[in-house]
Amino acid sequence: AARSPRLVRVEYAPEGASTTLALVGKGITFDSGGLDIKTAAGMYTMKCDMGGAAAVLATVGAVARLGLNVRVIAYGCMAENMPSGSAWRPSDVVTMYGGKTVENGNSDAEGRIVMADGLARACEDEPDYLVDISTLTGACMVALGNHTAGVMTSGAQAADTLLDASEAAGEDFWELPIPAE
């Protein structure tokens, strides 16, 4: 897009906090699909593709207002996915944060690219817990509908913690598997 991407980092670090939580949120301010352009109907709600970044940034403010004794670092992975003269083309090889390269097979997969950058940067903070919040796939909506969030974790303890938190907040989450393959 004509506007450059940004990685927004916000930190709340109260004195004496012994736990660090990193939150990484997808912040695509508008997603046209890039050169793999979406249909007009498919673009209508794409201003909402920034919901993950909005959620993680708002969480830091809520934790600070509550005075919780936990260090929270939020990353808003911000970009606009629009066709332009400098847009990535399908099959371009893109260098990620940290130096890894990936082939961009579909310019409508921009969320995975910005999230990979944010997750790699968040790992540098050596958090005790790392949570990413994003709208990465319509397949989750097909499976769970419009009112239930899919949860994928690295283990049962993390899943239980997130599912307990979702219940306490009155939000519907459902754990999805991560098959070995």
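Residues numbered from 1 in each chain as written. Predicted model: local features only at pLDDT ≥ 70, side-chain atom pairs only at ≥ 80, totals over all residues. Heavy atoms only, no water.

What follows is about helix 3 (residues 110–123). For helix 3, built from 14 residues, the straight-helix expectation of 20 Å at 1.5 Å per residue is met to within 8% by its first-to-last C-alpha distance of 20 Å. Burial in helix 3 covers these residues: Glu-110, Gly-111, Ile-113, Val-114, Met-115, Gly-118, Arg-121 and Ala-122. At its buried positions, helix 3 is contacted by strand 1 (6–12), strand 2 (20–31), strand 3 (71–81), strand 5 (101–104) and strand 6 (129–133). (Helix = DSSP H or I, 4+ residues; strand = E, 2+ residues; numbered from the N terminus. Expected span 1.5 Å × (residues − 1). Buried < 20%, exposed > 50% of the residue type's maximum accessible area, 1.4 Å probe, protein only. Contact = heavy atoms within 4.5 Å.)

We now examine the environment of Tyr-97. Secondary-structure assignment places Tyr-97 in the loop between strand 4 (92–95) and strand 5. With 19 residues separating them in the primary sequence, Tyr-97 and Ala-116 have C-alpha atoms 7.8 Å apart. Beyond its immediate sequence surroundings of up to four residues, Tyr-97 is in contact with Asp-117, Ala-120, Arg-121 and Glu-124. Here the side chain of Tyr-97 touches Glu-124 through a polar contact of 2.9 Å, side chain to side chain. (Polar contact = N/O pair within 3.5 Å; in protein donor to acceptor, adjacent residues only side chain to side chain.)

Let us now look at a negative patch on the surface. On the surface, Asp-160, Asp-164, Glu-167 and Glu-175 cluster together into a patch of negative charge. A relative accessible area of 64% places Glu-167 in the exposed class. (Patch = residues over 30% accessible without salt bridge, like charges linked within 9 Å, V, L, I, M, F, W, Y side chains within 5 Å. Areas by Shrake-Rupley, 256 points an atom, 1.4 Å probe, with all protein chains shown as cover. Salt bridge = Lys/Arg side-chain N within 4 Å of Asp/Glu carboxyl O. Lys, Arg positive; Asp, Glu negative; His and termini not counted. Charge placed at Lys NZ, Arg CZ, Asp CG, Glu CD.)

This brings us to the sheet that holds strand 6. Backbone-to-backbone hydrogen bonds join strands into a sheet, with any given pair of strands oriented parallel or antiparallel. Spatial ordering of the open sheet is given by 1-3-2-6, a layout of four strands whose pairing is mixed. If you trace the sheet from one side to the other, it starts and ends with strand 1 and strand 6, each paired once. Here the average twist between neighbouring strands, direction ignored, is 15 degrees. Each of strand 1, strand 2, strand 3 and strand 6 is contacted by helix 2 (residues 51–66), which is oriented at about 140 degrees to strand 2, the strand it contacts most. (Pairing = 2+ DSSP bridges. Axes fitted to C-alpha atoms, helices over the stretch in contact; angles between N-to-C directions.)

What follows concerns the pattern of salt bridges. In total, this model carries 11 salt bridges according to the counting rule given. Residues Lys-26 and Glu-110 are paired through a salt bridge, measuring 3.9 Å at the closest nitrogen-oxygen approach. Of this pair, Lys-26 sits in strand 2 while Glu-110 sits in helix 3, and the two are 84 residues apart along the sequence. Residue Glu-110 is classed as buried on the basis of its relative accessible area of 9%. A salt bridge links Arg-121 to Glu-124, with the shortest nitrogen-to-oxygen separation between them at 3.7 Å. Note on Glu-124: relative accessible area 47%, which makes it partly exposed. Among the ionic contacts, a cluster of salt bridges with common partners joins Arg-9, Glu-11, Arg-71, Arg-121, Glu-124 and Asp-125.

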